[in-house]
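A look at the structure
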Amino acid sequence: MNGHAPADARRTALILAASQAIIGSAAPIAISLGGLAGFYLLGADKSLATLPVTGFNVGVALGAIPAATIIRAMGQRNGFMTGTLVTAVGGLIATFALFQASFWGFVAGLVGIGVGGAFVQQFRFAAADNAPAEFKARAISFVLAGGIFTAVIGPQIVIFTRDLLAPVMFAGAFASILPLALVGAILLSFLRVSPHVVGSRQDADAPARPLREIIAQPQFAIGLLCAVGSYALMSLVMTGAPLAMVGCGFSPDDAALGISWHIMAMFGPSFFTGALIARFGKETIVAVGLILLIACAVVALSGIQLWHFWTALILLGLGWNFGFIGATAMVAGTYRASEKGKVQGFHDFILFTSVACGSLLAGVVYNNWGWEMLNWIVLPVTGLCFIGLVGLRLSTRAKSI
């Protein structure tokens, strides 16, 4: 291993982390205001209020494979900068739709922001791909640690800009996505791929296997299951939380601050999650994440005071962090350099299709069965993920005997 590789890997991870902090702030803007703006734009039937958030997640899902293809064709720097342009266009469409009071136009705008978000989601894979094996988990954590700043930037933009273009509610917040995209593009222009790490991988020149062979590996399948479970549950509960808080008499600012605490919990532990994975193992950290998601549901079901909502959202964020980073690290160890484009695109397509379904179900479940049912759903899904982890552990032990 070239002695400069770790330094190059750190530089790449830090640039991607900074870019995550800026351009990634479009996500909390879309998530915290998408449902409320949808509620505002709809008529008497509010069942589709969370559809704009679903549109955002659908955009991430639909953009997953094209984003991976564009990044592979154009290179990481130019590909990621293209993603910032897509995000800016989505923000512009959403702002214009709010001025026109067009619900479906607003949904389309959030789909565009989501497609741009698909490029942001590739940051974590890019950091891992440009890192030596012993630094991969930490590289992923570095990138996701940028989200701690997203947790501050996004919700604060919501609070200070949502009435900026009054009397059109929320338009100012979505217009602010354009300068975020510009700053993100400037940061990404400094990105350089390390030739030392990429070229040193033993499997760099190995032929690509068929996708079905790769995804049939137990570690990939269970890693994807746990990533889907952690992220889809987070999407389900988080999307419904602002509606539930406002429905219980709390203000939109209370809801935005709750999302802020939640996003800080999502990304804050990333400073040390990679080290924990290196010490205790990927599967163990995923299991801890699942336990925290269960704790979130227990707190949410115990009351509807503001502290119940905020505490549940914090536990939800922590559970996502351990579950998702651990699951991503599991998946990152199952494919060769020649396979990364198709595997990463497939992974994120499945992942964010599930996340989109979670956000859509949030509105339907909340309107028909309430906040409690949203949290009861957490239990069987985490149980299924636990079964998968136990099965993987038993299979690994059996092979080692």
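The residue numbering used here restarts from 1 in each chain and proceeds along that chain's sequence as written. The predicted nature of this model means local features are confined to residues of pLDDT at least 70 and side-chain atom pairs, given and counted, to a pLDDT of 80 or more, with totals for whole chains, interfaces and linings taken over all residues. Side-chain descriptors were evaluated using all non-hydrogen atoms of the structure, hydrogens and water having been removed beforehand.

Here's the deal with helix α18 (residues 340–369)
Where we set the bar: Strands here mean DSSP runs of E at least two residues long; helices mean DSSP runs of H or I at least four residues long; both are numbered from the N terminus. To estimate the expected span of a helix, subtract one from its residue number and multiply by 1.5 Å. Here the bend at a residue is taken as the angle between two axes, fitted respectively to the seven residues that end there and the seven that start there.
For α18, spanning 30 residues, the distance from its first C-alpha to its last is 41 Å, which sits close to the expected 44 Å at 1.5 Å a residue. The largest bend in α18 amounts to roughly 25° and is located at L361. Backbone geometry just downstream of α18 places G370 in the positive-phi region, at approximately 95°.

Details of unusual backbone geometry
The phi torsion of most residues other than glycine is negative, and most of the peptide bonds are trans. Omega for the bond connecting A166 with P167 falls within 30 degrees of zero, at 15°, which places this linkage in the cis form. The phi angle at A101 is positive, at roughly 55°, despite the residue not being glycine. By the secondary structure assignment, A101 is in the loop between α4 (76–99) and α5 (103–121). Residues other than glycine seldom take positive phi values, yet F170 does so here, at roughly 75°. Along the polypeptide, F170 turns up in the loop between α8 (147–161) and α9 (171–175).

Regarding the packing of α8 against helix α14 (residues 252–267)
Rules: The axes used here are C-alpha line fits, helices contributing only the stretch in contact, and every angle between their N-to-C directions lies in the interval 0 to 180 degrees. Each angle gets one of four labels, with under 35 degrees taken as roughly parallel, over 145 as roughly antiparallel, 65 to 115 as roughly perpendicular, and the rest as oblique. By definition, residues are in contact when any of their heavy atoms lie within 4.5 Å. Basically, the charged four are Asp, Glu, Lys and Arg, the nonpolar ten are Ala, Val, Leu, Ile, Met, Phe, Trp, Tyr, Cys and Pro, and anything else, Gly included, counts as polar.
Contact pair α8 / α14: the axes reach a minimum separation of 7 Å and the direction vectors enclose 170°. Classified by the angle between their axes, α8 and α14 sit roughly antiparallel to one another. For the pair α8 and α14, the contacting residues are G147, I148, T150, A151, P155, Q156, V158 and I159 in the first and D253, A256, L257, S260, I263, M264 and F267 in the second. Of the residues in the contact of α8 with α14, the class split is ten nonpolar, four polar and one charged.

Structural notes on the environment of F220
How we decide: The buried label applies to any residue whose accessible area, calculated with a 1.4 Å probe on protein chains only, is under 20% of its type's maximum; exposed applies above 50%, and partly exposed to all values in between.
Residue position: F220 is located in helix α13 (residues 218–247). By relative accessible area, F220 is classed as buried at 0%. Between the C-alpha atoms of F220 and G333, which are 113 residues apart in sequence, the distance is 8.4 Å.

Comments concerning the side chain of E339
Short version of the rule: As used in this structure description, the phrase polar contact means that two N or O atoms lie within 3.5 Å; if the pair is within protein, one of them must be able to donate a hydrogen and the other to accept it, and residues adjacent in sequence are counted only when both atoms belong to side chains.
The topology assignment puts E339 in the loop between α17 (306–332) and α18. Within polar-contact distance, the side chain of E339 engages the backbone nitrogen of R336 at 2.8 Å. If sequence neighbours within four positions are ignored, E339 has contacts with P207, A208, R209 and I214.

As for the nonpolar core
When a protein is soluble and globular, its nonpolar side chains tend to lie buried together. Put simply, the test is: We call a set of buried residues a nonpolar core when its members are Ala, Val, Leu, Ile, Met, Phe, Trp, Tyr or Cys and they connect through side-chain atoms within 4.5 Å of each other.
Grouped together as the largest cluster of nonpolar side chains are 123 residues, with contacts concentrated most on L16, L98, F106 and F174. Counting residues per element, this core draws most heavily on α13, at 16 residues. Beyond its immediate stretch of four places on either side in the chain, L98 contacts A37, L41, F106, V168, M169, F170, A171 and F174.

A few points about the side chain of H347
Position of H347 among the secondary structure elements: in helix α18. A relative accessible area of 0% means that H347 is categorised as buried. Those residues in contact with H347 that sit more than four places away from it in its chain are R124, F125, L224, A227 and V331.

Some thoughts on a nonpolar patch on the surface
We count it as follows: Residues enter a patch when their relative accessible area is above 30% and they make no salt bridge; the linking distance is 9 Å between like charges and 5 Å between nonpolar side chains (Val, Leu, Ile, Met, Phe, Trp, Tyr). Residue-level accessible areas treat just the shown protein chains as cover; the underlying method is Shrake-Rupley with a 1.4 Å probe. Basic side-chain nitrogens of Lys or Arg form a salt bridge, by our definition, when they fall within 4 Å of a carboxyl oxygen of Asp or Glu.
Together, L48, W104, L360, V364, W369, M373, W376 and L379 make up an exposed nonpolar region whose accessible area comes to about 790 Å². Elements that contribute at least two residues to the nonpolar patch include exactly α18 and α19 (371–376). Along the chain, the position of L48 falls in the loop between α2 (26–41) and α3 (51–74).

Considering the environment of V158
With respect to the element layout, V158 can be found in helix α8. Taking the relative accessible area as the measure of exposure, V158 reaches 2% and is therefore buried.

Focus: the confidence of the model for the protein chain
Under the convention used in this document: Every residue carries a pLDDT, the predictor's confidence in it, which falls somewhere between 0 and 100.
With 94% of its residues at a pLDDT of 70 or more, the protein chain has an overall mean of 86. Within the protein chain, helix α11 (residues 195–200) has the poorest average pLDDT of any element, 44, and helix α16 (residues 282–301) the best, 96. Counting contacts from residues 195–202, a segment whose pLDDT is below 50, to residues more than four positions away or on other chains yields 19 contacts.

What to know about the packing of aromatic side chains
Basically, it comes down to this: Stacked, edge-to-face and tilted are the three classes for Phe, Tyr and Trp ring pairs, Trp counted by its six-membered ring, which pair at centre distances within 6.5 Å; planes under 30 degrees apart are stacked, over 60 edge-to-face, the rest tilted.
Considering all chains together, one arrives at twelve aromatic pairs under this definition. Between F267 and W320, the ring centres sit 5.4 Å apart and the planes meet at 75°, which makes this aromatic pair edge-to-face. Here F267 is found in helix α14, whereas its partner W320 is found in helix α17, with 53 residues between them in sequence. Exposure remark for F267: the relative accessible area of 8% places this residue in the buried category. The class of W320 is buried, set by a relative accessible area of 1%. Three or more aromatic residues link up through ring pairs in this structure, and these residues are Y231, F267, W320, F324 and F352.

What to know about the state of the cysteines
Keep this limit in mind: Cysteine sulfur pairs qualify as disulfides if the two atoms are within 2.5 Å.
For the coordinates displayed, the defined rule picks out zero disulfides. Free cysteine: C226, not disulfide-bonded; nearest cysteine sulfur from C385 at 4.6 Å. Judged by its relative accessible area of 0%, C226 is buried. Here C357 stays free of any disulfide, with the sulfur of C385 as its closest cysteine sulfur at 15 Å. Judged by relative accessible area, which is 42%, C357 ranks as partly exposed.

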